Amino acid sequence: MDSGEVPAHSSLVLPKPIPDLAAEEFHLFQALVLRESGIHLGAKNRAMLVSRLWKRLRALELNSFASYYRRVKADPQEMVLMLDCICTNETHFFREPAAFDCLRTRVFPEWAADADAGKRGKTLRVWSAACSTGEEAYSLAMALLTYFPPAACWKIEVLGTDLSTKVLVRASAGVWPVEKISGVPVEYQRSFLLKGFGPEKGKIKAVEELRQVVRFQRLNLTREPYTVTGPFDLIFCRNVLIYFQWETKIKVVDSLGKYLDPHGYLFLGHAESLHSVADKLQFVAPKVFPSLGTPMARGGALCILQRRDHVVRA
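Residues numbered from 1 in each chain as written. Predicted model: local features only at pLDDT ≥ 70, side-chain atom pairs only at ≥ 80, totals over all residues. Heavy atoms only, no water.

Bringing the overall build of the chain into the picture now. Helix and strand counts for the chain come out as 11 helices and 10 strands. Here the chain holds 314 residues, and the buried ones make up 49% of them. Here the analysis covers contacts within the chain between residues at least 6 apart in sequence; of these, 74% occur between residues at least 24 apart. (Helix = DSSP H or I, 4+ residues; strand = E, 2+ residues; numbered from the N terminus. Buried < 20%, exposed > 50% of the residue type's maximum accessible area, 1.4 Å probe, protein only. Contact = heavy atoms within 4.5 Å.)

As a further point, take the pairing of strand 2 (residues 155-162). A regular strand places its side chains on the two faces of the sheet in alternate fashion. For strand 2, a buried count of 6 out of 8 residues is recorded, marking the element as mostly surrounded by other parts of the structure. Handedness of the crossover joining strand 1 (residues 123-129) and strand 2 through helix 6 (residues 135-147) is recorded here as right-handed. (Right-handed = clockwise from strand over helix to strand, strands pointing away.)

On inspection of all chains with the given rule, the structure shows 20 aromatic pairs. Between the aromatic rings of Phe93 and Trp176, the centroid separation amounts to 5.0 Å while the plane-to-plane angle is 75 degrees, which identifies the pairing as edge-to-face. Remark: Trp176 occurs in strand 3 (residues 175-177) and Phe93 occurs in the loop between helix 4 (76-86) and helix 5 (97-116); sequence separation between them is 83 residues. Each member of the pair, Phe93 together with Trp176, is buried. A ring pair is formed by Tyr138 and Phe216, whose centres lie 5.7 Å apart and whose planes are at 50 degrees; its orientation type is tilted. Linking Tyr138 in helix 6 with Phe216 in strand 6 (residues 214-218), this pair joins segments that are 78 residues apart in sequence. The same class applies to Tyr138 as to Phe216, namely buried. (Phe/Tyr/Trp six-rings, centres within 6.5 Å; stacked < 30°, edge-to-face > 60°.)

Another point: the side chain of Asp261. Note that Asp261 resides in strand 8 (residues 260-268). Nearest to the buried, unbridged Asp261 among oppositely charged side chains is Arg120, at 5.7 Å. (Lys, Arg positive; Asp, Glu negative; His and termini not counted. Salt bridge = Lys/Arg side-chain N within 4 Å of Asp/Glu carboxyl O.)

Right, let's get into the sheet that holds strand 4 (residues 193-195). If you walk across this open sheet you meet the 3 strands as 3-5-4, and the pairing is antiparallel. In this open sheet, the two strands that pair with only one neighbour each are strand 3 and strand 4. With strand direction ignored, the average angle separating the axes of adjacent strands in the sheet is 30 degrees. Relative to strand 5 (residues 203-206), strand 3 runs antiparallel, the two being bridged by 3 bridges. Paired with Trp176 across the bridge in strand 5 is Ile204. (Pairing = 2+ DSSP bridges. Axes fitted to C-alpha atoms, helices over the stretch in contact; angles between N-to-C directions.)

Where burial is concerned, most of strand 8 is hidden: 7 out of the 9 residues are buried. In terms of strand pairing, strand 7 (residues 232-237) meets strand 8 through 5 bridges, oriented parallel. Note that in strand 8 the partner of Ile235 across the bridge is Leu266. Between the parallel elements strand 7 and strand 8, the chain passes through helix 10 (residues 246-257) in a crossover that is right-handed.

What follows covers unusual backbone geometry. For the peptide bond that leads from Glu224 to Pro225, omega is 0 degrees, which places it in the cis range. Backbone torsion omega between Gly230 and Pro231 reads 0 degrees, so that peptide bond is classified as cis. Along the chain, the position of Pro231 falls in the loop between strand 6 and strand 7. Notably, Glu61 is not glycine yet its phi reads approximately 55 degrees, a positive angle. Looking at the element boundaries, Glu61 is found in the loop between helix 2 (46-60) and helix 3 (65-74). At Asn239, a position not held by glycine, the phi torsion is positive, near 60 degrees. Structurally, Asn239 can be placed in the loop between strand 7 and helix 10. You can call Asn239 buried: its relative accessible area is 17%.

For the pair helix 1 (residues 23-37) and helix 4, interaxial distance at closest approach is 11 Å and the crossing angle is 95 degrees. Between helix 1 and helix 4, the angle is such that the two are roughly perpendicular. Of helix 4, the residues touching helix 1 (which contributes Phe29, Leu32, Val33, Glu36 and Ser37) are Met79, Met82, Leu83 and Ile86. Taken together, the residues of the contact of helix 1 with helix 4 break down into 7 nonpolar, 1 polar and 1 charged. (Parallel < 35°, antiparallel > 145°, perpendicular 65-115°, else oblique. Nonpolar A, V, L, I, M, F, W, Y, C, P; charged D, E, K, R; others polar.)

Given below as structure tokens:
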């Protein structure tokens, strides 16, 4: 038989139809995801849940969401894989540039001045919580290495954590499609990123100097105690609280505050300001700075928190 010909008796194999997700099954997954990750799935997320979990049903050759729910409950590793499917991983280099402007013009000069005055050491520890594929952690590392060079005896440590194991593998690799670097300042591109060629054409890679100061690990922000060692001079926890219910948001911010240096800073996303309920927080108080050089209507506000036991400087 010539190549490409099909026997006359062969039958067309159709893909299996996606099973229905009954209302009671959705409620079970809704409660499970909330308990295990803090992520609240509203009714509008039902179709998203079906499309994302269907991949796991096919991989396991299961025919119903009820059977998959039982599998997840019985298998901790499958629980991790399910949460990998649920997590929304959207990020890019130097996301919300006003935050990095604030670091360069306000926070970094303060740290440098304190070091010159002997008020602090030259080790800076930074935590990118909910780091996704790592662009935020590497962005922080680039900014820090530029302002506080190792040649001047500064030591930089950047930790990136996320609930999803899948994105942490990609973050640890430090390799991205070349179109990802559009938000990276040109001087940083030259110093810290390598363009691939040959089989690697179309990719960029973090240089060894950058990779040496960044590490990644899995962490669930809703589960204490955290498997990290504080204190941190800077914590970025941006664009993740929006997926949590109000009580969980407050709990997570309070938990992060415990790992913050008394003079450190906690940056939240521009849409995640909690300053109106600062009296409910045990360890932190708000400092809100407008986006530098940007009209408030366009730039919004940065939510920057510090511990209450720190006397805010003039």
